[in-house]
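This is what each chain is made of:
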Amino acid sequence: MAVPSGRAAFKKKDGVLTLSADQMHVTWTPWPGTGTPTVSLPLPNIANLQQTPDTAAKVMLRIIEKAPDATEQTPYSFHFTSPDARAEANAVKDVLSKLLQDLRSGDPNLPKPASSTGTPNANGEGNGGVSASMAFASSAVAGDAEKARKALIEAKTAEIQAKYQRTRIKDKSWHPKHVKGGQKAVFQMMQPITDALKKAQADYQRALAAEGVQATTENQ
């Protein structure tokens, strides 16, 4: 399996996201990517993968790590920045999903995941992954929407200021609050969907518990 890579920013610093030669670690190295990786995540510790939808302006991949001795999960967000950002992100995520699936397949040549809780399934989602991915996607879309709203406000403000410079007449008919949309609108639109997904997941977990079944993403 070919090792994919992509130009991706981490904590606003440009770099390269890829896998180690043995395909057992996800690594991020500061640009140009020829030095020592400053992020190295063992595949067995990866609990979840989340990616922004194709419709989002930003192409981001979030990798959730849960080390064996850790009590909390640690998210790592990578923003792909090249002209082929979407293709690079998809390539990295597809290979990661396949490798993570292989880790659970019972192959004796591959180590098992540190924990079955939250282990990604074939789509890179773990327990609770649907609502987590929805929240992540909503945040990304909301950020883009807020930038677009602010751009409209800035353009309108500049237009009003230019008009005032020409005519010395203040335009009191417009206010920034008149520009709808933005982050607040996206969250208001997505909140009922997110709440419904969370409720469905909770109901499903209760139903399994009532039957004495424990949810797991391990392959049988």
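Residue positions are counted from 1 within each chain, in the order its sequence is given. The predicted nature of this model means local features are confined to residues of pLDDT at least 70 and side-chain atom pairs, given and counted, to a pLDDT of 80 or more, with totals for whole chains, interfaces and linings taken over all residues. Values reported for side chains reflect all heavy atoms of the structure, with hydrogen atoms and water molecules removed beforehand.

A. Focus on the confidence of the model for the chain. Confidence of the predictor in every single residue is expressed as pLDDT, which spans 0 to 100. This prediction gives the chain a mean pLDDT of 77; 72% of its residues lie at or above 70. Every helix listed is a DSSP run of H or I at least four residues long, and every strand listed is a run of E at least two residues long, numbered separately from the N terminus. Across the chain, the secondary-structure element scoring lowest on mean pLDDT is helix α3 (residues 182-210), at 70, and the one scoring highest is strand β3 (residues 25-30), at 96. With pLDDT under 50 throughout, residues 107-129 is counted as low confidence; its partners more than four residues away or in other chains account for 62 contacts. Contacts were defined at the residue level, with two residues in contact if any of their heavy atoms lie within 4.5 Å.

B. How the structure looks around helix α1 (residues 85-103). Multiplying one less than the number of residues by 1.5 Å gives the expected span of a helix. Across its 19 residues, α1 extends 27 Å between first and last C-alpha, which sits within 8% of the 27 Å expected from 1.5 Å per residue. When a residue's accessible area, from a 1.4 Å probe over protein chains only, is under 20% of the maximum for its type it is buried; when over 50% it is exposed; and in between it is partly exposed. Among all positions in α1, only Ala85, Arg86, Glu88, Ala89, Val92, Lys93, Val95, Leu96, Ser97, Leu99, Leu100 and Leu103 are buried. In this structure, the buried side of α1 is in contact with β1 (5-10), β2 (15-19), β3, β5 (46-51), β6 (59-65) and β7 (74-80).

C. Local environment of the sheet that holds β6. In this scheme, strands are said to pair when DSSP sees at least two bridges between them. Taken together, 7 strands build an open sheet; the order of strands is β4-β3-β2-β1-β7-β6-β5 and the sheet is antiparallel. Among the strands making up the open sheet, the edge pair consists of β4 (39-42) and β5. For this sheet, the mean angle separating the axes of adjacent strands, direction not counted, is 30°. In this structure, β5 lies alongside β6, joined through 5 bridges in antiparallel fashion. Note that in β6 the partner of Gln50 across the bridge is Arg62. Relative to the sheet, α1 contacts β1, β2, β3, β5, β6 and β7, its axis offset from that of β5 by approximately 150°. Axis definition: a line fitted to C-alpha atoms, limited for helices to the stretch in contact. Angles are taken between N-to-C directions and run from 0 to 180 degrees.

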